[in-house]
Amino acid sequence: MFESLIGAVVVIVLFVLVLRQQGRVSLIERELGALRSLVLSGVHATPPVAKPAEQAASAPADAAHASAPVADIASPTTADAAHAQAPAAEADAATSEAVPELSAAAKAAFTGSAPAATAKAARQSEVETALGTRWAVWVGGVALALGGLFLIRYTIEAGIFGPEVRLSLAALLGLVLIGGGEFIRRTGFKVPVQGAAGAYIPAILTAAGAFILFGTVYAAHAIYGFVGPAFAFTVLGAIGVATIVAALVHGQALAGIGLVGSMATPALVSSQAPNPWALFVYLAIVLAATAVIARIRDWKFLIAAAFFGTGAWTIVYMMSTLVADLAVILFIDAVTLAVLAFVWLGTRDSEAETAKTGFDWPSIVPGVFVAFSALGLSVDTTLVAAGGALPGAFVLVALVATALYRPRALPLLHAAGVVSVMIHLGIIPPTTIGSDITQGNIGFDGMPVAAGNPLTLRIGIALGLVFIGAGFWAARRFAASARVRAACWAAWGVAAPLLILLTLWLAYGNLDRDLVYAAIAALLVVVFAAGGEWIARAEQPPLKGDVAVSFALCGSALAGLLMLHMAFGSGWTTLLAGVAAIVPALATRWRSYPVLGWISVGAVVAVLGRVAFDPTIVGAEFLTTTPVFNWLLPGYGVPALAFGFAAWQLARTTNGRPRLAMEAGAALFGLLTVAMLVRHAMHGGVIDTGPVTLAEQAIYTLIAIGAGAILLAIDMRSPSSVLRYGSMAAGVLSVAFIVLQHFLVLNPLFTDESTGQIPVFNLLFLAYLLPAIAAGGLALYARDKRPPWYAQMLAVVAALLIFAYATLSVRRVFKGEFIGLWSGLGQLETYTYSALWLIIGVVLLTAGVWLKSQVLRIASAALIAIAVVKVFLFDMSELEGVLRALSFIGLGAVLIGIGLFYQRLLTRAAREANAAT
């Protein structure tokens, strides 16, 4: 145990010293950089030598400086000042004892000596300085500390002295080291060797002495039992606090050693009947003393470490004790917040400067620990049984109040908000809420929510009011000067109350319909909207609608969605959520806040999520089988109309991308309306079961092609990359549907599905001819508006659909309603295919020439080539008599006609070329 203590302390000391040197190395690098810049600027003259009169005048100042405390050497800020004075003091040879000469690198920079030789000499000098001044002092200090402890151990093993004498000698050695450090400091050793500021010998000796005294008192208590736990606890604490205070003249490293010793003292000294009040009063004293020292020197790491130690002891006490004293926990939380607000952050900056300097990062530590203590006070069954849920709520309110009082303690607000949400969600950490709305069961991961009590309900309401009041007041306060801080306050001013309201509704409300909670949500809509307007009037310039205002208005929109869900059934919620998109769009007539348009877009997203959760709008059991006139029509159609109106309104006010998104949303819901009504009608009123038929798939394909055309038209009027790629994606999706579903999976030639009894307007008309016309029209419309491959792809698909429609229609004439491939082929049917394909080829060729489309001409050539192959390979062997002859005669006539047609085209082109020349 003794060796473990020594090893742990040595590791901590070395770690602190290494961290300390990083700042010193950076300081030296900055000084060398400044000297090099002088060389590059052509300043090669040596510094002017001070006149005798100036030397005499500067001597008293140097003497006074020599007698000043040397604590500033440990501080990076004052160390910079000491190094800045070194070149001036170097000019006076008579007073050069206090400050050594510059290094070889510095002299070379002033005198302009050879760079290579100077660099080599500088490297040698730096290595020599590091070995002779810094490392020698650090290792020497550690060696002194370990030597004292090892000497005590040796006397024990050798039996030279008794325990009392050994401990007395050890204590004497520690005091001698501390006195030696103070003697060296007071006798003029105030400035360390250049480049070795971290190896300040008085501080090293003091640290070694404090280390030996810690070990001596601990040995007297734990090994020999000479002193009781109370005396040992008091003395160890006094040594730690004294070490921290001594850091005022010896630097932050010594303060770190004292803080570590002070925080380790309660663990080193055990008692049969521990007193929590003694522990936490002691920790409060150590924290306050450390905060005062850290505040004077602005040592952020030191105060963060002090807050960490205090918080860690608080959490350990809450977790380890069977019956915790609530008063003790509240006491240490109050002390922590008071030290943060009145000592560490007290009068650090004016209010204007505070608003611009961001947040104080050491306040993250007390924010986390105090918030988690509030979490324990609120959810731990033992602590809640001892004092109810009020203590935890008081701590959360104190966190918010401290953050409001000291703006730089902004992390306390985030900690209070997160823990408040965690408390009301009922678990740590929060996970997804699993719910079964139909049976009224709400739970976390399948477990039902624990029933609360009226006090929990009132606490939730009170916390929500605290966040609203503090959040909006602070957001208005900082709206003009610190937009990020204002946004943080506004965000928690809406997020915490909304989440608290949601969880209270899940725990206490009627999940089917609850008008009381809906009224509260409606009140929040008004409060958040009014708060956003109140904040906007304090902005610079006023009514700009910055981030804080955006959070407030978004909170109002979310509260509105909650209100609709709490007050209305499924169908009305979806319908009214879509209509709600009009409200922020209309608001742009009076306020040009950028967020208003995006709130309308948020309504589109909310309705999309709602219909994705329940496509039937009102539930499958409540959806009637009446075609068209059922809940699907208003459930999809009314939001489509509302989104269209919102887009129209935004186009006349703010315009921009929200308007384009609303137009796309209107188009999407319009297409969804048609698609859902089609599926409903074709499946007997059931839209969520049953396989997709070819007719239904044809409707979806037409919808996809229509969506591509609508998005293309919108993009032509208001160009947008989203609309551009969205329209192309819709076209590609429609082509994928056609290739996979129409030609392969659902083709009646393979499935033998009924094509209908009506001669013309049957399944083939719906599944092949109408998509062919739509794809061809879109290809023609997109020719000069989209990349060539896109229009060509649609044109080829349109030609294939026409080919499929004509071919399948011929088979239907011969086979009737069912055209499955396994029913065979007749000779007349075979001949008809050849004639039909040749006719289609000629039609495609004519259309290609008329439209100047090379794709259609190539498709014509491909189809005619297929017909040629069929005639020579299939018809020759399968047909007989006159049909075989007619097949070849027709083929020959068509080919000759095509050749004549092309010859005339070439002749006409040649005449036009000659006329032009």
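Residues numbered from 1 in each chain as written. Predicted model: local features only at pLDDT ≥ 70, side-chain atom pairs only at ≥ 80, totals over all residues. Heavy atoms only, no water.

Considering the overall build of the chain
A count of helical and extended segments in the chain gives 34 helices and 3 strands. Taken across its 917 residues, the chain has 45% of its residues classed as buried. Long-range contacts, defined as pairs at least 24 residues apart, comprise 73% of the intrachain contacts of the chain with a sequence gap of at least 6. (Helix = DSSP H or I, 4+ residues; strand = E, 2+ residues; numbered from the N terminus. Buried < 20%, exposed > 50% of the residue type's maximum accessible area, 1.4 Å probe, protein only. Contact = heavy atoms within 4.5 Å.)

Things to note about the confidence of the model for the chain
Per-residue confidence for the chain gives a mean pLDDT of 73; residues scoring 70 or more make up 61%. Low confidence marks residues 43–138, where pLDDT is under 50. Its contacts with residues over four positions away, or in another chain, come to 113 contacts. Below pLDDT 50 for its whole length, residues 190–199 participates in 37 contacts with residues either more than four positions away or in separate chains. (pLDDT = per-residue confidence, 0-100.)

Describing the pattern of salt bridges
In total, this model carries 7 salt bridges according to the counting rule given. Here E533 ties to R537 by a salt bridge, and the two come within 3.1 Å at their closest N and O atoms. According to the relative accessible area criterion, R537 is exposed, its value standing at 52%. On the basis of relative accessibility, which here comes to 18%, the residue E533 falls in the buried class. (Salt bridge = Lys/Arg side-chain N within 4 Å of Asp/Glu carboxyl O.)

Points about the packing of aromatic side chains
All chains considered together, the criterion is met by 11 aromatic pairs. Between F643 and F669, the aromatic rings sit 5.3 Å apart at their centres with planes inclined by 75°, giving edge-to-face as the arrangement. Of this pair, F643 sits in helix α25 (residues 632–651) while F669 is found in helix α26 (residues 657–682), placing the two residues 26 residues apart along the sequence. Of the two residues, F643 and F669, neither departs from the other in class, the shared state being buried. In textbook terms, an aromatic cluster arises when at least three aromatic residues are bridged by ring pairs, as seen for Y636, F643 and F669. Positioned over the ring face of F478 is R485, at 5.2 Å from the centre of the ring. (Phe/Tyr/Trp six-rings, centres within 6.5 Å; stacked < 30°, edge-to-face > 60°. Lys NZ or Arg CZ within 6 Å of the ring centre and 35° of its normal.)

Section: the nonpolar core
Formed by 104 residues in total, the largest nonpolar core has its most connected members in L396, L399, W489, F528 and M566. For this core, the leading source of residues is helix α19 (residues 483–508), giving 13 residues. The residues contacting W489, other than those within four sequence positions of it, are V400, A403, L404, L410, L413, A470, G471, A474, A475 and F478. If you look at the next biggest cluster of nonpolar residues, it comprises 41 residues, including I703, I738, L764 and A804. (Core = buried A, V, L, I, M, F, W, Y, C linked by side-chain atoms within 4.5 Å.)

Overview of α19
Its 26 residues give α19 an end-to-end C-alpha distance of 37 Å, which sits within 8% of 38 Å, the value for a rise of 1.5 Å per residue. Within α19, 19 of the 26 residues are buried, which leaves the element mostly enclosed by the surrounding structure. (Expected span 1.5 Å × (residues − 1).)

With respect to the environment of G569
The residue G569 is located in the loop between α21 (547–567) and α22 (570–579) in this model. Overall, G569 belongs to the partly exposed group, its relative accessible area being 21%. G569 sits 48 residues away from I617 along the chain, and the two C-alpha atoms are 9.8 Å apart.

So, the side chain of S734
One can find S734 in helix α28 (residues 721–745). Sequence-distant contacts of S734, defined by excluding residues within four places in its chain, comprise T701, A704 and I705.

So, the environment of G619
Counting through the fold element by element, G619 comes out in the loop between α24 (594–613) and α25. In this structure the C-alpha to C-alpha distance between G619 and W631, which are 12 residues apart in sequence, comes to 9.8 Å.

Thoughts on helix α14 (residues 364–379)
If you check α14, its first and last C-alpha atoms are 22 Å apart, about what 16 residues at 1.5 Å a residue would give, namely 22 Å. Within α14, 12 of the 16 residues are buried, which leaves it mostly tucked inside the rest of the structure. Along α14, the positions that sit buried rather than exposed are V365, P366, G367, F369, V370, A371, S373, A374, L375, G376, L377 and S378.

Brief notes about the packing of α22 against α24
With their axes 9 Å apart at the nearest point, α22 and α24 run at an angle of 155° to one another. With respect to each other, α22 and α24 are oriented roughly antiparallel. You can see that α22 and α24 cross each other, and the crossing is left-handed. Contact with α22, carried on its side by S570, T574, A577 and G578, involves A603, V607, R610 and V611 of α24 and no other residues of that element. (Axes fitted to C-alpha atoms, helices over the stretch in contact; angles between N-to-C directions. Parallel < 35°, antiparallel > 145°, perpendicular 65-115°, else oblique. Left-handed = near helix turned anticlockwise from the far one by under 90°.)

Examining unusual backbone geometry
The omega torsion across Q540 and P541 is -5°, close enough to zero to call that bond cis. Inspection of the secondary structure puts P541 in the loop between α20 (515–536) and α21. Not every positive phi belongs to a glycine, and L543 is a case in point at roughly 60°. Checked against the element boundaries, L543 lands in the loop between α20 and α21. Since its relative accessible area comes to 28%, L543 is described here as partly exposed. Positioned with a positive phi, D752 is a non-glycine residue whose angle comes to about 60°.

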